[in-house]
Amino acid sequence: MSLDLMAPIMFVSLIFFLLIGYPVAFALSAVGLLFSWIGIHFDLLRPELLQALPNQVYDIMRNDTLLAIPFFTFMGLILERSGLAEDMLDTIGQLFGTMRGGIAYAVIFVGALLAATTGVVAASVISMGLISLPIMLRYGYDTRIATGVIAASGTLAQIIPPSLVLIVLADQLGTSVGDMYTGAMLPGLLLCVFYAVFIFMVSMVKPQWVPALPPEARTLRGAALGKRVVLVMIPPLLLIFLVLGTIFLGIATPTEGGAMGAVGAIILAMMNRRLDTSLLKQAMDSTVKLSTFVVFILIGARVFRIAFLGVDGDKWVEHLLTSLPGGATGFLITVNIMVFFLAFFLDFFEIAFILVPLLAPVAQSLDINLVWFGVILAVNMQTSFMHPPFGFALFYLRSVAPKEVKSTQIYWGAVPYVVMQLIMVGALIAFPGLVTGSLHAEVKTNADDAASIMQQMETAPSSDLPQGIEIPASDASAAESDSLQSDALLKELTGQ
């Protein structure tokens, strides 16, 4: 078998295993080990490359950034049962209830606050589905509008920090989680504005779809309502500062912020008298399951990566994507179309661990800011929660929705919000300042290094110029070059 064919066949084989429903972690490991054996059998891979696997697993175990995932997951699960969402939805619904679409605005507002406190889509969608959906249906909201706004507002936890997606993307792209959080904040808030504008347009065109609350449903008015709003807003705002404020101010790392958030969630649950042994057990059980799921996918991805790099898969992907018309813009458009369609079949963890490590070097070679690239991908992967057949937000909502709500109504209700998310992807590509403008410092790219080297070459004497011109080599020297490349790859993977 030719080395040139190994990488594309390996990639297609992985897609095949995933499409037939084989577990992702085991599909990655199986394909990696199978093609490692084929490569070694045909003398295309050195057996020593597999010796890098223990070191790669150890790298996962000592990765401090990934510790933030169980912390934020645990925090979100505790807050789901602490009464925070229930109190906010009831109070903000009363505040906005006098206007048409008031409960929908409240759902968007509370969805953003829950996203900034929990960072977990399931917690947000289930909480708002249980509390708001029956009220909206009772007072005459169109079913598609009600289900769509709840599902979309719940997915804000994917893009508004402390999002688990942003933590994973930062790790896979090799960027700072703090920078990723800072860059994603404005796009996340703009999505909230998009959703609110859509509800406003519906209230103007079809006011009967989003009626105001009747007077008898407004139990709080005047000073009593103002006092309730202040008291309800203090706990989430304190928790947001505890988690995000300390990260943005540089006081705490994302992992430390997650730990403080988990402690804050426990204290909040205790204050609301919702904390008990059963709640703690459920939260810890779900956190361990999710963390184990992530680690197993990561290990499988490392096995696949070793074999894929060994057969020059990174060069194949880079050549494939850098040869696209349109340069960096063409690359971004193509990648986002690919990610959008892959999201029909894969969830964000799988896309992040399989595809992003292959795309990051290409993006860097095209002088694309990796934080900007990561935020674009995060908004795009947000759609994976909103469209069938594996739209998890839709499934979460289906599990708590009344029986009279049809699944087709939930799916159609999500369509306008998927379109808005795609519009946001296009806006981020067209206006990178929406992400990079809020960063403290620009990420240094390969172009900066190249400019520095060119400047040194112009000022250096000719005898000091780098001897980097490629000269046609004999078969022996070519074999020696391949051996050196293999040695370099082995050194990179083993860290020696």
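Described below are features of the structure shown in this document. Quick caveat: nothing in here was measured; it's all calculated off a predicted structure.

Focus: the nonpolar core
- In this structure, M136, V149, L169, I199, F331, F373 and Y417 are the most contacted members of the largest nonpolar core, which totals 157 residues.
- Broken down by element, the residue count for this core peaks at 12 residues, all from helix α6 (residues 102-117).
- Setting aside residues no more than four positions away along its own chain, Y417 makes contact with I145, G148, V149, A152, Y195, F198, I199 and M386.

Regarding helix α8 (residues 143-154)
- The end-to-end C-alpha separation of α8 is 17 Å, in line with the 16 Å expected for 12 residues at 1.5 Å each.
- The buried count for α8 comes to 11 of 12 residues, which makes it a mostly enclosed element.
- Those residues of α8 not exposed but buried are T143, I145, A146, T147, G148, V149, I150, A151, A152, S153 and G154.
- Where α8 is buried, its residues meet α6, α7 (121-138), α10 (177-205), α19 (392-400) and α20 (407-430).
- By the N-cap criterion, in which a side-chain oxygen at the helix start approaches the backbone nitrogen of a residue two or three places on, α8 is capped by D142, the distance to R144 being 3.1 Å.

Quick word on the environment of V263
- On the secondary structure map, V263 appears in helix α12 (residues 254-271).
- Residues V263 and F74 lie 189 residues apart in sequence; the distance between their C-alpha atoms is 9.7 Å.

Digging into the pattern of salt bridges
- Counted according to the given criterion, the structure contains three salt bridges.
- The residue D59 makes a salt bridge to R62 at a minimum N-O spacing of 2.7 Å.
- K289 is the salt-bridge partner of D285, the closest N and O atoms lying 3.4 Å from each other. Taken together, the residues span about one helical turn, with D285 and K289 both in helix α13 (residues 277-310) at a distance of four residues.

Considerations on unusual backbone geometry
- The residue after P161, namely P162, is reached through a cis peptide bond having omega 5°.
- On the secondary structure map, P162 appears in the loop between α8 and α9 (164-173).
- In this model, R273 sits at a positive phi of 60°, which is unusual for a non-glycine residue.
- Mapped onto the elements, R273 comes out in the loop between α12 and α13.
- Phi is positive for D367, close to 65°, though the residue is something other than glycine.
- Topologically, D367 is positioned in the loop between α17 (356-365) and α18 (370-382).
- Assessed through its relative accessible area of 42%, D367 is described here as partly exposed.

Let's talk about the packing of α9 against α17
- For the pair α9 and α17, interaxial distance at closest approach is 9 Å and the crossing angle is 60°. As judged from the angle between their axes, α9 and α17 are oblique. The two elements α9 and α17 cross, and the hand of that crossing is right-handed. The residues of α17 that touch α9, namely those facing L169, Q172 and L173, are V356, P357 and A360.
- When the residues that make up the contact of α9 with α17 are grouped by side-chain class, the tally is five nonpolar, one polar and no charged.

What to know about a nonpolar patch on the surface
- The grouping of V193, V197, F200, M201, M204 and V205 at the surface amounts to a nonpolar patch, some 600 Å² of accessible area in total.
- Along the chain, the position of V205 falls in helix α10.
- For V205, a relative accessible area of 64% translates into the label exposed.

Overview of the side chain of S132
- With respect to the helices, strands and loops of the structure, S132 is situated in helix α7.
- Residues within four places of S132 in sequence aside, it is in contact with L89, V107 and I150.

Observations concerning helix α15 (residues 327-342)
- For α15, spanning 16 residues, the distance from its first C-alpha to its last is 22 Å, which sits close to the expected 22 Å at 1.5 Å a residue.
- What α15 keeps buried is the set G330, F331, L332, V335, N336, V339, F340 and L342.
- Along its buried surface, α15 packs onto α14 (313-322), α16 (348-354), α17, α18 and α20.

Considering the packing of aromatic side chains
- Here the structure, examined in full by the defined rule, presents 13 aromatic pairs.
- A ring pair is formed by F341 and F344, whose centres lie 6.0 Å apart and whose planes are at 20°; its orientation type is stacked.
- F341 gets classed as partly exposed once you look at its relative accessible area, which sits at 48%.
- When its relative accessible area of 23% is taken as the criterion, F344 is described as partly exposed.
- Cluster of aromatic residues (ring-pair linked, three or more members): F11, F304, F308 and W316.

Quick word on the layout of surface pockets
- Of the volumes computed, that of the second largest pocket is approximately 450 Å³.
- Counting residues per element, the ones that place at least two in the lining of the second largest pocket are α4 (68-80), α7, α13, α16 and α19.
- Of the residues forming the lining of the second largest pocket, the biggest block, four residues, is contributed by α13.
- Per-class residue counts for the lining of the second largest pocket are 13 nonpolar, four polar and three charged.

Reading the values: rules and limits
- Residues numbered from 1 in each chain as written.
- Predicted model: local features only at pLDDT ≥ 70, side-chain atom pairs only at ≥ 80, totals over all residues.
- Heavy atoms only, no water.
- Core = buried A, V, L, I, M, F, W, Y, C linked by side-chain atoms within 4.5 Å.
- Buried < 20%, exposed > 50% of the residue type's maximum accessible area, 1.4 Å probe, protein only.
- Helix = DSSP H or I, 4+ residues; strand = E, 2+ residues; numbered from the N terminus.
- Contact = heavy atoms within 4.5 Å.
- Expected span 1.5 Å × (residues − 1).
- Polar contact = N/O pair within 3.5 Å; in protein donor to acceptor, adjacent residues only side chain to side chain.
- Salt bridge = Lys/Arg side-chain N within 4 Å of Asp/Glu carboxyl O.
- Axes fitted to C-alpha atoms, helices over the stretch in contact; angles between N-to-C directions.
- Parallel < 35°, antiparallel > 145°, perpendicular 65-115°, else oblique.
- Left-handed = near helix turned anticlockwise from the far one by under 90°.
- Nonpolar A, V, L, I, M, F, W, Y, C, P; charged D, E, K, R; others polar.
- Patch = residues over 30% accessible without salt bridge, like charges linked within 9 Å, V, L, I, M, F, W, Y side chains within 5 Å.
- Areas by Shrake-Rupley, 256 points an atom, 1.4 Å probe, with all protein chains shown as cover.
- Phe/Tyr/Trp six-rings, centres within 6.5 Å; stacked < 30°, edge-to-face > 60°.
- 1 Å grid on protein atoms, 1.4 Å probe; cavity = no way out; pocket = protein on both sides within 12 Å on 5 of 7 lines; lining within 4 Å.
- Points joined across faces, edges and corners; volume = space filled by probe spheres on them.

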